[in-house]
Amino acid sequence: MKTHALSASALRGEGLTSQRARDRLVAHLREEGIKDLRVLDAIRRLPRHLFIDEALASRAYENTALPIGHGQTISQPWVVARMTEALIERGVPQRVLEIGTGSGYQAAVLASLVPQIHTVERIEELLRKARRRFRQLGIENLRSKHDDGNLGWPEEAPFDAIILTAAGEGIPQGLFDQLAPGGVLVAPVGPSGAQTLLRLTRDAQTGEVLPEDLGQVSFVPLLGGLV
Ligand code: SAH
């Protein structure tokens, strides 16, 4: 099959050079304050260059966001690491929902750390490419759908953790309702240029929500409708 031939050659090319580049990236992330060894190890193992177009592949292990088409970006590795850390810090969630599949990189990082990941993307072509990558890498504990992530994935709720990788003015209520008691939601919130990374934890007993500010970030906007 064509995809398998592609995958084999992609993985052959994925030799020492890219492993060294990934080791360097991980060393840099540690210097920049990422501490969770599970997260660092996931990033050390996952070939980020397979999640971007070949023309940009030589920059795959820079700590920077890169364009993936349709005006969207694969997030900066530090941001992926920080959000993943925030999500699993108080225990590994069983079922995770991601809004904004994009390249699929964040979802693939999560798939190597949690039992079950669901991811939603509104741009069909990006989702198609991401699915090809998941297949190439043999990722099986992941389901994806083409939909408006503002609605979440009600048929599959509740989720122990929800991660948004696009920034809205607030957290859509429908999404919040799909968070299990004791669950944690990590999301960038606010207008372009003034976004804050928030972690909201829903208390298992009282249902009360504890908000934490995890610092300034820069994300593409959370939009509505399908493309
Ligand atoms: N997690 C991605 C980041 C991609 S950028 C990665 O690792 O590459 C954010 C993504 O969110 C974009 O692909 C954008 O199309 C998507 N997005 C924005 N609003 C959305 C919505 N309402 N529902 C689903 N996806 C959305």
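Everything numeric here is computed off the predicted structure, so don't read it as measured data. (Residues numbered from 1 in each chain as written. Predicted model: local features only at pLDDT ≥ 70, side-chain atom pairs only at ≥ 80, totals over all residues. Heavy atoms only, no water.)

Caption draft 1: Region of interest: the site of the ligand. Ser103, Glu121, Asp148, Gly149 and Leu223 are the nearest of the 27 residues found near the ligand. Separating a nitrogen atom of the ligand from a backbone N or O atom of Gly100 is a distance of 2.9 Å. The separation between an oxygen atom of the ligand and a polar side-chain atom of Glu121 is 2.6 Å. Coverage of the ligand by the protein amounts to 99% of the 580 Å² it exposes when considered alone. Going through the elements one at a time, strand E2 (72-74), helix H5 (105-111) and strand E4 (116-121) are the ones with two or more residues in the shell around the ligand. No other element matches E2, which puts three residues into the shell around the ligand. Taken together, the residues that form the shell around the ligand break down as ten nonpolar, twelve polar and five charged. (Near = heavy atom within 4 Å. Polar contact = N/O pair within 3.5 Å; in protein donor to acceptor, adjacent residues only side chain to side chain. Areas by Shrake-Rupley, 256 points an atom, 1.4 Å probe, with all protein chains shown as cover. Helix = DSSP H or I, 4+ residues; strand = E, 2+ residues; numbered from the N terminus. Nonpolar A, V, L, I, M, F, W, Y, C, P; charged D, E, K, R; others polar.)

Caption draft 2: Spatial organisation of the packing of aromatic side chains. Under the definition given, this model contains one aromatic pair. With a centroid separation of 5.5 Å and 75° between ring planes, the pair formed by Phe51 and Tyr105 is classed as edge-to-face. You can see Phe51 sitting in the loop between helix H3 (37-45) and strand E1 (66-69) and its partner Tyr105 sitting in helix H5, a full 54 residues away along the chain. With relative accessibility at 0%, the residue Phe51 sits in the buried group. (Phe/Tyr/Trp six-rings, centres within 6.5 Å; stacked < 30°, edge-to-face > 60°. Buried < 20%, exposed > 50% of the residue type's maximum accessible area, 1.4 Å probe, protein only.)

Caption draft 3: Focus on the pattern of salt bridges. Applying the stated rule across the entire model yields 14 salt bridges. The partner of Lys129 in a salt bridge is Asp53, with the nearest N and O atoms 3.9 Å apart. With Lys129 in helix H6 (residues 124-136) and Asp53 in the loop between H3 and E1, the pair connects residues that are 76 residues apart, well separated along the chain. Across the salt bridge formed by Glu62 and Arg59, the nearest N and O atoms sit 3.1 Å from each other. Residue class for Arg59 comes out partly exposed when judged on its relative accessible area of 35%. (Salt bridge = Lys/Arg side-chain N within 4 Å of Asp/Glu carboxyl O.)

Caption draft 4: The arrangement of the UniProt feature "active site" (unreviewed entry) in the protein chain in detail. Here the UniProt-annotated "active site" (unreviewed entry) positions come out as Ser75. Those residues in contact with Ser75 that lie beyond four places of it in its chain are Arg48, Thr64, Ala65, Val80 and Phe219. (UniProt positions renumbered as here; feature names shortened; annotations may be inferred. Contact = heavy atoms within 4.5 Å.)

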